[in-house]
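Residue strings, one per chain:
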Amino acid sequence: MSKPRAATQPSDPISPTGPTVEQALYGLLVLAALFLRFFRLGSAAPLNPVEAGQAWAAWADAFGHSGMIPALAHSPLLYSGQRFLFWLTDGGSDAWARALPALVGGLLVLGPWLLRRTLGRSAALVLALLLALDPWLLTFSRTGDGAIFSAALGLLLIAGLTQREPLSSNGRRWMAGA
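The residue numbering used here restarts from 1 in each chain and proceeds along that chain's sequence as written. Given that the model is predicted, a residue must reach a pLDDT of at least 70 before its local features are reported, and side-chain atom pairs must reach 80 or more before they are shown or counted; all residues, however, enter totals for whole chains, interfaces and linings. Side-chain figures throughout are based on the complete set of non-hydrogen atoms in the structure, without hydrogens or water.

Details of the nonpolar core
Note on terminology: a nonpolar core comprises buried Ala, Val, Leu, Ile, Met, Phe, Trp, Tyr and Cys residues joined through side-chain atoms within 4.5 Å. Three labels apply to residues, based on accessible area from a 1.4 Å probe with only protein chains included: buried if under 20% of the type maximum, exposed if over 50%, partly exposed otherwise in between. One finds Leu 78, Val 104, Leu 108, Leu 115, Leu 131, Leu 137, Ile 148, Phe 149, Ala 152, Leu 155 and Ala 159 forming the largest nonpolar core, which totals 11 residues. Examining the composition of this core, we find that 5 residues originate from one element, helix 10 (residues 147-161), more than from any other. When neighbours within four sequence positions are excluded, Ile 148 is seen to be in contact with Pro 101, Val 104, Gly 105, Leu 108, Leu 137, Phe 140 and Ser 141. Core analysis: the second largest hydrophobic core is formed by 9 residues, Leu 29, Val 30, Leu 34 and Ala 132 among them. Note on conventions: DSSP H or I runs of at least 4 residues are helices, E runs of at least 2 residues are strands, and numbering of each starts at the N terminus. Contact definition: two residues touch when any of their heavy atoms are within 4.5 Å.

Right, dumping it as structure tokens:
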């Protein structure tokens, strides 16, 4: 009688795979950036007039009070995101009006990951650190207007343009996303 096939085959040694040191550092930088951007987001200051107009237009449209109000929205992408968040949270708040820019600003730290081949690993990691701690980007991320979206999509476009093979499917995907 022969043994079952699985018993005769040598088993593969189990090798613990986990994040590399570089990936762990990027993860810590993203967590730090998100913490800085979301800490006391709603209670930091009231919405400024531009933020209030943007948020009011999205809030009014989310609850069926549309009309001439969408003309106040400056960023269609932010308008759509805020409208969805206000509908999802049944009314929202100042923090929800600023949540999407804060999330995009925190994830902006991952942009240098796409530029590692061009910049080098250590330079990309330093750039990620600078993006996580930059006061201007922190301010843009905590403001409910579309400025941080422009920065994030610009970085995504640069990453797509600097691909070694820009006509490959990977390069086209980043260009289309930006």
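Observations concerning the pattern of salt bridges
Here a salt bridge means any side-chain nitrogen of Lys or Arg lying within 4 Å of a carboxyl oxygen belonging to Asp or Glu. Applying the stated criterion to the full structure yields 4 salt bridges. In this structure, Glu 22 engages Arg 121 in a salt bridge whose closest nitrogen and oxygen atoms are separated by 2.8 Å. Of this pair, Glu 22 sits in helix 2 (residues 21-38) while Arg 121 is found in helix 8 (residues 121-133), placing the two residues 99 residues apart along the sequence. Taken together, the shared-partner salt bridges connect Glu 22, Arg 116 and Arg 121 into one network.

Looking at the environment of Phe 84
You can see Phe 84 is positioned in helix 4 (residues 76-88). Put simply, Phe 84 and Asp 61 are 23 residues apart on the chain and 9.8 Å apart in space, counted from C-alpha to C-alpha.

A word on helix 2
Relative to the 26 Å expected for 18 residues at 1.5 Å per residue, helix 2 spans 26 Å between its end C-alpha atoms, a close match to the ideal helical length. The set of residues buried in helix 2 consists of Glu 22, Tyr 26, Leu 29, Val 30, Ala 33, Leu 34 and Arg 37. For helix 2, the angular spread of buried residues about the axis comes to 130°, placing them on one side. Turned more than 90 degrees off the buried face of helix 2, the exposed positions are Val 21, Leu 28, Leu 31 and Phe 35. Looking at the buried side of helix 2, the elements it contacts are helix 5 (94-107), helix 6 (111-114), helix 7 (116-119), helix 8 and helix 9 (135-141). Of the residues trailing helix 2, Arg 40 is marked for its positive phi of about 50°. Every helix has an expected span of 1.5 Å times one less than the residues it contains. Arc definition: it is the arc formed by the directions from the helix axis to the C-beta atoms.

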